[in-house]
Amino acid sequence: MAMGSWSGRMIPPLTVRMARASNPQGTAAMWVRDRLDDLFTDGDFADWYPVDGRRGLSPAQLALASVLQYAEDLTDRQAGLTMLRTADQNPHSGHGGA
């Protein structure tokens, strides 16, 4: 599986406004995104992936998801269900939805 890419992708402005409106105090995920978005880059993981093959998920995005899972003290199953619910609610996520 080849490395997917997330680096440089912007969150749509409407999504940002809706997230801020529905969570005025913010969430752990919003805090991490705002402050640690550049902590991991896809280039940090480039040597771990072949250049050919089906593109996978962004390793930088997966690393941040692991940090959030640890911070929220979620099991793998809980984290997976949370991701599925989020993807179902966000048609711009690229992982399902309406």
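Residues numbered from 1 in each chain as written. Predicted model: local features only at pLDDT ≥ 70, side-chain atom pairs only at ≥ 80, totals over all residues. Heavy atoms only, no water.

Q: Got a minute to help me understand the overall build of the protein in this structure?
A: Counting secondary structure elements, the protein contains four helices and zero strands. From first element to last, N terminus to C terminus, the protein shows the α and β order α-α-α-α. Looking at the protein as a whole, 17% of its 98 residues qualify as buried. Counted over contacts in the protein with a minimum sequence separation of 6, partners at least 24 positions apart contribute 64%. If you sum the accessible surface of the protein, you get close to 7500 Å²; carbon and sulfur atoms cover 58% of it. (Helix = DSSP H or I, 4+ residues; strand = E, 2+ residues; numbered from the N terminus. Buried < 20%, exposed > 50% of the residue type's maximum accessible area, 1.4 Å probe, protein only. Contact = heavy atoms within 4.5 Å. Areas by Shrake-Rupley, 256 points an atom, 1.4 Å probe, with all protein chains shown as cover.)

Q: What am I meant to see in the confidence of the model for the protein here?
A: Do not read the predicted coordinates in detail wherever pLDDT is low. Mean pLDDT for the protein: 76, with 78% of residues reaching 70 or above. Mean pLDDT across the secondary structure elements of the protein bottoms out at helix H4 (residues 76-89), with 75, and peaks at helix H1 (residues 13-22), with 88. (pLDDT = per-residue confidence, 0-100.)

Q: I tried to follow unusual backbone geometry on my own but got confused; where do I start?
A: Glycine aside, residues mostly have negative phi angles, and peptide bonds mostly take the trans form. The backbone of Asp 73 shows a phi angle near 55°, a positive value even though the residue is not glycine. Structurally, Asp 73 can be placed in the loop between helix H3 (59-71) and H4. Relative accessible area serves as the criterion here: at 68%, Asp 73 is assigned to the exposed category.

Q: What am I meant to see in H3 here?
A: For an α-helix, the turn length of 3.6 residues means that residues three or four places apart are oriented alike. For H3, which comprises 13 residues, the first-to-last C-alpha distance of 18 Å matches the rise-based estimate of 18 Å (1.5 Å per residue) to within 8%. Taken residue by residue, H3 has Pro 59, Ala 60, Ala 63, Leu 64 and Gln 69 as its buried positions. Once H3 finishes, Asp 73 follows within two positions and takes phi at roughly 55°, a positive value. (Expected span 1.5 Å × (residues − 1).)

Q: Just to check I follow, could you spell out the packing of aromatic side chains for this structure?
A: Two measures describe an aromatic ring pair: the distance that separates the ring centres and the angle between the ring planes. Within the structure shown, the criterion is met by one aromatic pair. Pairing Phe 45 with Trp 48 gives two aromatic rings, centres 5.3 Å apart and planes at 75°, and the pair type is edge-to-face. (Phe/Tyr/Trp six-rings, centres within 6.5 Å; stacked < 30°, edge-to-face > 60°.)

Q: I tried to follow the side chain of Asp 42 on my own but got confused; where do I start?
A: For Asp 42, the position within the fold is in the loop between helix H2 (28-36) and H3. With a relative accessible area of 4%, Asp 42 lands in the buried category. Of the polar contacts made by the side chain of Asp 42, one reaches the side chain of Ser 58; its length is 2.6 Å. Engagement of the side chain of Asp 42 in a polar contact is seen with the backbone nitrogen of Ala 60, the distance being 3.2 Å. (Polar contact = N/O pair within 3.5 Å; in protein donor to acceptor, adjacent residues only side chain to side chain.)

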